[in-house]
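# Secondary and tertiary structure notes
So the chains spell out like this:
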Amino acid sequence: MLGASHTLRQAIDFARRASRLASRIIIYGESGTGKELFAQAIHNAGSNPERPFVGISCAAIPNDLIEAELFGHEEGAFTGARKGGQKGRLEAANGGTLFLDEVNSLPLSVQAKLLRVLQEMVFSPLGSNRLVRLDARVIAAGNVNLANEVQAGTFRSDLYYRLNVVEIELPPLRERKGDVELLAKMFWRNLCKEMGMTLATIEPAVIEALKAYPWPGNVRELQNVCERACILADGNSIRLDCLPRHIFEQHENVLVDAKPHIPLGHTSMDDLCEDLVRKTLEASGGNISKASETLGIARTTLYRKMKKYGLGQ
């Protein structure tokens, strides 16, 4: 679990404490913040890390199949039932951890059955009178606050209170700006090792652009962007134009806003950008490398701007 922000360190400390007991846990966080990673870490830090960790995305399975996935079924229990029956996720998790991701997506009818299981710690597979004991830590996760779902009538209050012994909230990446560089460099180290390449340099403007971006997809989006940049790296150097266009162009616009001595009277951001590029080229004597370094953008980006504004032709 990599990060130096206070909110993340608090969540990690709380998760570490919770891992010592088999308490039920709810993890909240936006998509891509690492809820399953946290759940896996709690399991690994517990007393039986060698036991199974079984996860299920409650939103990814059709409502008419979710019961069979959770509780399992006997042969012939319903049309399309697997020959010989099938063990459910609850039974598969016995001795270890059951992770219910997006638990708020469970239909109310299944919520009622899950509540009964958590009360009695036994259940029967569909089409069977056989009782199976549940012996697993239960960790639930959601990208919405279940207390709000209870108020809205879409989640059972009694199930909420059964699950909510320990509550952990993961901060979005936009609130962890100091962690962006740490995570990006970790991803690049791992990716370069996988690809058998040596990463020589990372342009300072790349880190600045990553920090300025709001990351709606959180850590998952950052990891994808880093992988893309690693693939596009030329000469083992991560440049600004290795990033997706919407990230590095946003960074360029921020730079334009931040540069001093821009004359007033312009009517658009394009005018400001053109003026900045022209003055920087003049100050550098037409030296492209020096001008791109001053602007904090890649040479290829500067060439593209020069072509757009008809400069240096």
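Up top you'll find the structure we're talking about.
Note that the coordinates shown come from a computational prediction; the quantities given were computed from them, not determined experimentally.

### Looking at the side chain of Asn104
With respect to the secondary-structure elements, Asn104 resides in the loop between β5 (97-101) and α5 (108-120). When sequence neighbours within four positions are dropped, the list of residues in contact with Asn104 reads Ala141, Gly142, Asn143, Val144, Leu146, Glu149 and Phe155.

### A short note on the layout of surface pockets
One water molecule sets the probe size; rolling that probe over the atoms shows where empty space is left. Here the largest pocket is characterised by a volume of approximately 430 Å³. The wall of the largest pocket is formed by 20 residues, among which Gly32, Thr33, Gly34, Lys35 and Leu37 lie closest to the centre. Of all the secondary structure elements, the ones that give two or more residues to the lining of the largest pocket are α2 (35-45), α8 (177-195) and α10 (218-232). Of the residues forming the lining of the largest pocket, the biggest block, 4 residues, is contributed by α2. Considering only residue class, the lining of the largest pocket consists of 8 nonpolar, 6 polar and 6 charged.

### Here we look at the packing of aromatic side chains
Taken as a whole, this structure holds 4 aromatic pairs when the rule is applied. Centre to centre, the rings of Phe71 and Phe123 are 6.1 Å apart; their planes meet at 45°, and the pair counts as tilted. Of the two residues, Phe71 sits in helix α3 (residues 63-71) while Phe123 sits in strand β6 (residues 122-123), which places them 52 residues apart along the sequence. No difference in accessibility class separates Phe71 from Phe123, as the two residues are buried.

### So, the environment of Leu191
Of note, Leu191 is situated in helix α8. Classification of Leu191 as buried rests on a relative accessible area of 11%. Distance in space between the C-alpha atoms of Leu191 and Glu227 is 6.9 Å, their sequence separation being 36 residues. Residues contacting Leu191, with those up to four places away along its chain left out, are Cys226, Glu227 and Cys230.

### Regarding the pattern of salt bridges
In the structure shown here, the tally under the stated rule is 12 salt bridges. Between Glu91 and Arg130 there is a salt bridge whose closest N-O contact spans 3.7 Å. One end of the pair, Glu91, is in helix α4 (residues 89-92); the other, Arg130, is in the loop between β6 and β7 (132-133), with 39 residues separating them in the sequence. Using a relative accessible area of 39% as the deciding quantity, one classes Arg130 as partly exposed. In this structure, a network of salt bridges that share partners links the residues Glu181, Lys185 and Lys211.

### A short note on the packing of helix α13 (residues 288-295) against helix α14 (residues 299-309)
Following both chains from N to C, one finds α13 and α14 inclined at 100°, their axes separated by 9 Å at the closest point. Classified by the interaxial angle, the pair formed by α13 and α14 is roughly perpendicular. Here α13 contributes Ile288, Ser289, Ala291, Ser292 and Leu295 to the contact with α14, which in turn contributes Arg299, Leu302, Tyr303 and Met306. Per-class residue counts for the contact of α13 with α14 are 6 nonpolar, 2 polar and 1 charged.

### Observations concerning unusual backbone geometry
Located in the positive-phi region is Trp215, a residue other than glycine, with phi close to 50°. Classification of Trp215 by relative accessible area gives buried; the value is 0%. One non-glycine residue, Asn218, lies in the positive phi region at around 60°.

### Quick look at the nonpolar core
As a rule of thumb, soluble globular proteins bury nonpolar side chains together. With 42 residues, the main nonpolar core has Trp188, Leu210, Trp215, Leu222, Leu243 and Leu302 as its most contacted residues. When residues of this core are traced back to their parent elements, those giving at least two are α8, α9 (204-212), α10, α11 (245-258), α12 (269-283), α13 and α14. Counting residues per element, this core draws most heavily on α8, which supplies 7 residues. One finds Ile61, Phe123, Val132 and Leu146 within the second-largest nonpolar core, a separate group that totals 31 residues.

### A few points about a nonpolar patch on the surface
A cluster of nonpolar side chains, contributed by Met195, Ile231 and Leu232, occupies part of the molecular surface with about 280 Å² of accessible area. Looking at the secondary structure, you find Met195 in helix α8.

Rules used in this analysis
- Residues numbered from 1 in each chain as written.
- Predicted model: local features only at pLDDT ≥ 70, side-chain atom pairs only at ≥ 80, totals over all residues.
- Heavy atoms only, no water.
- Helix = DSSP H or I, 4+ residues; strand = E, 2+ residues; numbered from the N terminus.
- Contact = heavy atoms within 4.5 Å.
- 1 Å grid on protein atoms, 1.4 Å probe; cavity = no way out; pocket = protein on both sides within 12 Å on 5 of 7 lines; lining within 4 Å.
- Points joined across faces, edges and corners; volume = space filled by probe spheres on them.
- Nonpolar A, V, L, I, M, F, W, Y, C, P; charged D, E, K, R; others polar.
- Phe/Tyr/Trp six-rings, centres within 6.5 Å; stacked < 30°, edge-to-face > 60°.
- Buried < 20%, exposed > 50% of the residue type's maximum accessible area, 1.4 Å probe, protein only.
- Salt bridge = Lys/Arg side-chain N within 4 Å of Asp/Glu carboxyl O.
- Axes fitted to C-alpha atoms, helices over the stretch in contact; angles between N-to-C directions.
- Parallel < 35°, antiparallel > 145°, perpendicular 65-115°, else oblique.
- Core = buried A, V, L, I, M, F, W, Y, C linked by side-chain atoms within 4.5 Å.
- Patch = residues over 30% accessible without salt bridge, like charges linked within 9 Å, V, L, I, M, F, W, Y side chains within 5 Å.
- Areas by Shrake-Rupley, 256 points an atom, 1.4 Å probe, with all protein chains shown as cover.

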